[in-house]
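This is what each chain is made of:
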Amino acid sequence: MIVAALPAALTVFFASLVPEIAAGQVLRWAVPWIPGLDIEFSFLADGLSLLFSLLISGIGVVVMVYAAAYMQGYPQVGRFFIIMTLFMLSMLGAVLADNVLTLFVFWELTTLTSYFLIGFTHETATSRAAALQALLVTGIGGLAMLAGLVLLGLVGDSYELSVLRASGVDVTADPLYGAILVLVLLGAFAKSAQFPFHFWLPNAMAAPTPVSAYLHSATMVKLGIYLMARMQPLLGGTEAWLLTLTIVGGITAVMSSVWSLRQTDLKQLLAYTTVMGLGTLTLFLGLGTEAATTAAIAFLIIHCFYKATLFLAVGAIDHATHTRDRDALSGLARVMPLTFGIALAAGLSMAGVPPFLGFIGKELMYEAAVTAPSAAWLVAGAALAANALMIAAAGLVALQPFVGRARDWPQPPHDPPVAMWIGPIVLAIAGLVLGLAPHLIDQRVIAPAVAAVAGHDPHLHLKLWHGFNLPLLLSVVTVAAGIGLYVGRERVRCWLGTAERLIPGSAERAYDHALAGLKRLAAWQTALLQHGQLRGYLTTIFGTMIVLIAAASLRGGVWPTDADLTDAPAFAWFASALIIAGSVITIITRYRLAAICALGAVGIGTAILFVSHGAVDVALTQLLVDTLFVVLLAVALLKLPSFWDLRHRETGLRVGAAAIAVAVGSLMTMVLLVIVSVPLDRRLTAYFESNSVPLAHGHNIVNVILVDFRALDTLGEISVVAVAGLAAYALIKLRPRRDPTHQSQGRSAADQSATG
Amino acid sequence: MEALLAITVGAMTAAGVYLMLSWNMMRFLFGLVVIGNAANLAILTVGRHYGPAPPLVPDGQTAPAELVANALPQALILTAIVISFGILAFTVVLLYRAYEEMGTISGDDMRVAEPRPQPDQSTVGS
C-alpha cells in the first residue's frame, strides 16, 4: 500500500491546483538546463496538463493499490513498483513540460520504462518480443517527433511551448510546416497506436494486467493524444491537419472496433477497444471546433475511467479463473457478484447508456460530428459505427462472462480481495455520479482543458438531457445497432474470421519483415567487414588510402611539378640502391636468414641516408636498433617453420597484392614530391635553434627537443616501450596451464610470491 | 635529393605493403619493418635536405652560425624508431607464442578470436 502514497500525494497536490487553473491562471517553473543553447528545464501547468496530471496520478493510485494485491507471487515485485513509479513520474514530466526538448526527454523515458513494464515477465519470448516492438515503434516515432519539435523551435525561435503560443507566430504559413506536421504526427500516431502503427498495442497485452490497465487507459497511449491537443493551437486549423487526423483517426476507430469483436481473449478485446478510443480522440482533435475539442476532452476522461476499470475487472477474472478466454467463461455473476457489478457499471459507461458519463460523451461526439466544418456525415458515420461496435464489445467484456450457465470450476472463483475491488469500484461509481452530476467537473476541469486547446474560454455546459435532437436520435440508432451486433456476435465473429484470411498483408507483417531484414543486413555486413582475415583488413585499409589520396589529388589537381634527381650525391644513390635491393631480396628469398640479413641491409641504407641529412644521432640509434632487431629476429624466427616448408602455400607473384603495393608506393612518392614542392615553414625549427642554449643550456638541438621542449612526448615514448616489453614478457611467462610441466612452473611461481 | 628520397620511400612502401599482404605472418612482420623504415625516411624527406651539417650549437654561441639540418624531424624520427622497435619486439614474441598455441604462422588460419562464419549463420531470425 505504501507504493500508492506517492501517486495519492500527487493527486492531492494536483487537485489543490484546480481552483487556480480553473480561474485561468498558468503556473510555470523553470531552471536553466543548457544555457548555451537556450534550453530550459521548464514545466507549465495549464488546464490541459492539469487534467492529464490528475488522470495519471489518480488512476495511478487505483492501479498501485490493485497491483499490491495482484502482483503477490510474482518475482521481483520491488522492481515492478519502482519501474511503475518511474513511469508515472515520466508521464507527469511529459505532460507538464513546457520546453519541447524537456517534453521529448520525458516522452522517451516513458517509452523506456514501458519497455521494462511490458516485458516484465521477461522469461517468456512473447513478452520480450512485444516489449521490443513497443519500444521500436514508439521510440522511432519519438525520434521523428524530436526532429519535428526542433524544426518547430527553429521556425518559432523558441523551444518553450508557452512562448511559441504567446508570440503568435504562424507556423502553418512557414515552408517547413509540412515537415513539422508529418514528423510530429508520426511521433503522436506511433505513441497513440494510430493506424498503421496500431499493432504494437494489442501485443503489449503480454504485460501483467495492472500495467495494461495503467498504460492503456490513462497514460502511455494518451501521450500521443496529449501531444496532438497541445500542438493543435500551433499546427492545427489547416486542411492538412484536418484531413490527416480525421482520416487516420476514423480508420483507426472503425477498423479496431471491428477487430475487437473478433478477439476471444478479453484483454486483447479491450486492447482493440483502446485503439478505437484513441482513434476517436484523434478524429475529434482533427476537427478542431470547440464542440469537437469538448467532446474529445470529455471522452478522454470517460475512457480513462471505464477502460481502467474493465482492465482491472478482467484482471480479477483472470486471477480467479486463470483464463481470459471469453468462450471459457460464463455464469460468473453468481460467484463474483462484486466484479460483475463493477464491470457492468464500466461497460454501461463504455456503451454510452444513460445516466452514465459515457452517455454525455457520446452526445457531445454526435453534436460535434453533425456540426463539423466539412464531411459532417462521414465523421458522424464513423463515430456511429465505432460506437455501435463499442456497445457490442462492452457486452462481450462486461456481460457475456457473467451470464449464462454456471460452470464447474476446479476451484470455485470468488471476488478478489478488497485491494483489488476498492479502486475499480471508486472509478465505476465516479462514472455514474459524474454522469448524474456533470456540473462537478465541467467548469472546473473540462473547461480549462478545452480553453488550453481552443485558446479561449468555451461555452460548455454538460448535461444528461439535451432534449429531442439529432444527437439523441443517433444515440438511439447506435444502441439498437450495438445490441444487434451483440446478439449476433457469433455470426460476426465467423464473418471476421473469413475477412481476416482475405487480407493479404498487415503493418505488423511489414514490421516483422523489416526487423528480420535488419538482422540479415547486420549479419551480412558483419560477415563482409569483420571476416577475421588480416589480409582482408589490410586490403581494406590500403584500398581506402589509395581511393582517398587519388580522389583528393584528382579533385585538388595537385601533382608534383618537377623531380630533380641530379642534385643527389653518389653515396645517397648507393644507400637507395642498398635499401631497394634489400627490400627485393626480402620479398623473393626463400631463406629466413637471407630475409633477415636483407632487412638489416635496409636498416643500414636508411642509416646512411640519415647521416647524409646531418642526422648523426638518428643514424646511430638506427644502427643500434637495427642490429638488436636482427639478432632478436634471428633467435625467434628460427623456432618457426622455415619458408621452404611452407613454399607450396605461396607460388609466384600475387598479382592483386602487387597491384595494391605498387599503387600505395607510387602514391607515397607522389605525395612526398608534392609536399617538397611547396616551401617549408621553418619557424618551429628556428625557435628551437635560437632557444636551445638560452633556455635549456643544451648545444645538441635534437636532444634538447627530446628531453626538454617535448619531454612529455618522450615520457610517452618510454611508456610505450615499457608496456611493449611488459606485454612481451607476459606473453612468454604467463601460459595457460595445460600440461603438467607448465602447471608445476605456475605453482612454483605462486609459491615464491606467497613466501616472498 | 628529395626526389631520390621520395622514390626510395615509395619503393620501400610498396615492398612493405606487398610483404604485409602475405598470408605468412613472418613475411607480414618483415613488411612491418620495411614500412616502418619507409615512414621514418618520409619524415626526413619532408624536413628537407640542408646538407650534412648536424643541428648543433657551437660552444660560446646561442644559435647555430650557418644553416644546419632541420632538428625537428630528427627528434620525431628518434621517437619513432624507439617506439617501432618496442612494437616490433612485441610482435615477434606474439608471433612466436601464436605459433606455439595455434601451430601455424598463417594469418588466414588464426581464427580463435574470429571464427570462420558457419554455413548456417544466415538464419538469424530467432
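Whatever comes next refers back to the structure up there.
The sections below set out a description of the structure shown in this document. (Residues numbered from 1 in each chain as written. Chains lettered and ligands numbered in written order. Predicted model: local features only at pLDDT ≥ 70, side-chain atom pairs only at ≥ 80, totals over all residues. Heavy atoms only, no water.)

### Observations concerning the packing of helix α2 (residues 47-70) of chain A against helix α9 (residues 209-218) of chain A
Residue and element names in this part refer to chain A. Short version of the rule: Under this scheme, a helix contributes an axis fitted over its contacting stretch, all axes are lines through C-alpha atoms, and angles between N-to-C directions fall in the 0 to 180 degree range. Here a helix means four or more residues in a row that DSSP labels H or I, a strand means two or more in a row labelled E, and each is numbered from the N terminus. Comment on the angle field: the value is read as roughly parallel under 35 degrees, roughly antiparallel over 145, roughly perpendicular from 65 to 115, and oblique elsewhere. Contacts between residues were defined by any pair of non-hydrogen atoms, one from each residue, lying within 4.5 Å. For this scheme, ten residues count as nonpolar: Ala, Val, Leu, Ile, Met, Phe, Trp, Tyr, Cys and Pro. Four count as charged, namely Asp, Glu, Lys and Arg, and the remainder, Gly too, count as polar.
Contact pair α2 / α9: the axes reach a minimum separation of 9 Å and the direction vectors enclose 170°. It follows that α2 is roughly antiparallel to α9 by the angle criterion. For the pair α2 and α9, contact is made by Leu55, Ile56, Ile59, Gly60, Val63, Tyr66, Ala67 and Tyr70 and by Thr209, Pro210, Tyr214, Ser217 and Ala218, respectively. When grouped by side-chain class, the residues that make up the contact of α2 with α9 number ten nonpolar, three polar and no charged.

### Considerations on the pattern of salt bridges
It is possible for side chains of opposite charge to pair when their charged atoms get near one another. Residue and element names in this part refer to chain A. Basically, it comes down to this: Criterion for a salt bridge: a side-chain nitrogen of Lys or Arg within 4 Å of a carboxyl oxygen of Asp or Glu. For the exposure calls, accessible area comes from a 1.4 Å probe over protein chains only, and a residue counts as buried if that area is under 20% of its type's maximum, exposed if over 50%, partly exposed in between.
Using the criterion set out here, one finds 13 salt bridges over all chains in the structure. We note a salt bridge from Arg324 to Asp265, for which the minimum N-O separation is 3.1 Å. You can see Arg324 sitting in the loop between α13 (290-321) and α14 (337-351) and its partner Asp265 sitting in the loop between α11 (239-260) and α12 (266-287), a full 59 residues away along the chain. The exposure class of Arg324 is partly exposed, given its relative accessible area of 22%. Two residues, Arg493 and Glu490, come together in a salt bridge whose shortest N-O distance is 3.7 Å. Here Arg493 pairs with Glu490, and both are found in helix α20 (residues 489-502), just three residues apart, close to one helical turn. We classify Glu490 as partly exposed; its relative accessible area is 39%. One network of salt bridges, in which partners are shared, links Arg28, Glu40, Asp98 and Glu160.

### Describing the interface of chain B and chain A
What counts, and what does not: Buried area is calculated as the accessible area (1.4 Å probe) missing from two parts once they are joined, with the contributions of both summed. Residues adjacent in sequence count toward polar contacts only when both atoms are side-chain atoms; beyond that, a polar contact is any pair of N or O atoms within 3.5 Å, and within protein one must be able to donate a hydrogen and the other to accept it.
With 95 residues of chain B at the interface, the matching set in chain A holds 105 residues. Carbon and sulfur atoms supply 73% of the area buried between chain B and chain A, which totals about 9,000 Å² over both sides. On the chain B side of the interface with chain A, the three residues burying the most area are Tyr18(B), Leu21(B) and Trp23(B), jointly 9% of the side's total. Counting the contacts that link chain B with chain A gives zero salt bridges. Viewed at the interface, chain A and chain B are joined by 15 residue pairs in polar contact (both at pLDDT 80 or more). For the side of chain B that touches chain A, the elements supplying multiple residues, two or more each, are α1 (2-20), α2 (25-46) and α3 (71-102) of chain B. Here the side of chain B that touches chain A is built from residues that sort into 63 nonpolar, 21 polar and eleven charged.

### Brief notes about the packing of aromatic side chains
Residue and element names in this part refer to chain A. Our working definition: Two aromatic rings, drawn from Phe, Tyr or Trp (for Trp, its six-membered ring), form a pair once their centres lie within 6.5 Å of each other, and the interplanar angle then sorts them: stacked below 30 degrees, edge-to-face above 60, tilted otherwise.
The final tally for this structure, using the stated rule, is 18 aromatic pairs over all chains. An angle of 25° between the planes, with centres 5.9 Å apart, marks the rings of Trp29 and Phe43 as stacked. Of this pair, Trp29 sits in strand β1 (residues 27-34) while Phe43 sits in strand β2 (residues 39-45), and the two are 14 residues apart along the sequence. Arranged with centres 5.9 Å apart and planes meeting at 75°, the rings of Phe87 and Tyr214 form a pair that is edge-to-face.

### Observations regarding the pairing of β2(A)
All names here are of chain A. The condition is simple: A strand pair is defined by DSSP finding two or more bridges across the two strands.
Burial analysis of β2 places five of its seven residues in the buried class, the great majority of the element. Where β1 meets β2, seven bridges bridge the pair, whose relative direction is antiparallel. Each residue of the ladder has a partner; that of Ala30, found in β2, is Ser42. Counting the residues that bridge the hairpin from β1 to β2 gives four residues, and of these Asp38 lies at a positive phi of roughly 60°.

### A few points about helix α10 (residues 222-235) of chain A
Residues and elements named next belong to chain A. Applicable threshold: What a helix is expected to span follows from its residue count: subtract one and scale by 1.5 Å.
The first and last C-alpha atoms of α10 sit 19 Å apart over 14 residues, in line with the 20 Å expected at 1.5 Å per residue. With 13 of its 14 residues buried, α10 lies for the most part within the structure. Looking one or two residues past α10, Gly237 carries a phi angle of roughly 85°, positive in sign.

### Overview of empty space enclosed by the protein
Which entries qualify depends on this criterion: Of the two site types, the cavity is a set of points on a 1 Å grid over the protein atoms alone where a 1.4 Å probe fits but cannot get out, and the pocket is an open set with protein on both sides within 12 Å along at least five of seven lines, each lined by residues with an atom within 4 Å of a point. Grid points are joined across faces, edges and corners, and a volume is the space filled by probe spheres set on the points.
Applying the stated rule across the entire model yields eight cavities of 30 Å³ or more. As a volume, the largest cavity reaches approximately 160 Å³. Along the walls of the largest cavity sit Gln622(A), Val625(A), Asp626(A), Phe629(A), Val33(B), Gly36(B), Asn37(B), Asn40(B), Ile81(B), Ser84(B), Phe85(B) and Leu88(B), which together make up its complete lining. Among the residues making up the lining of the largest cavity, the classes are represented as six nonpolar, five polar and one charged. If you add up the space inside the second largest cavity, you get close to 80 Å³. The wall of the second largest cavity is formed by 14 residues, among which Phe299(A), Ser349(A), Met350(A), Gly358(A) and Asn387(A) lie closest to the centre. Of all the secondary structure elements, the ones that give two or more residues to the lining of the second largest cavity are α13, α14, α15 (357-370) and α16 (376-398) of chain A. With four residues, α15(A) is the largest single contributor of residues to the lining of the second largest cavity. When grouped by side-chain class, the residues that make up the lining of the second largest cavity number eight nonpolar, five polar and one charged.

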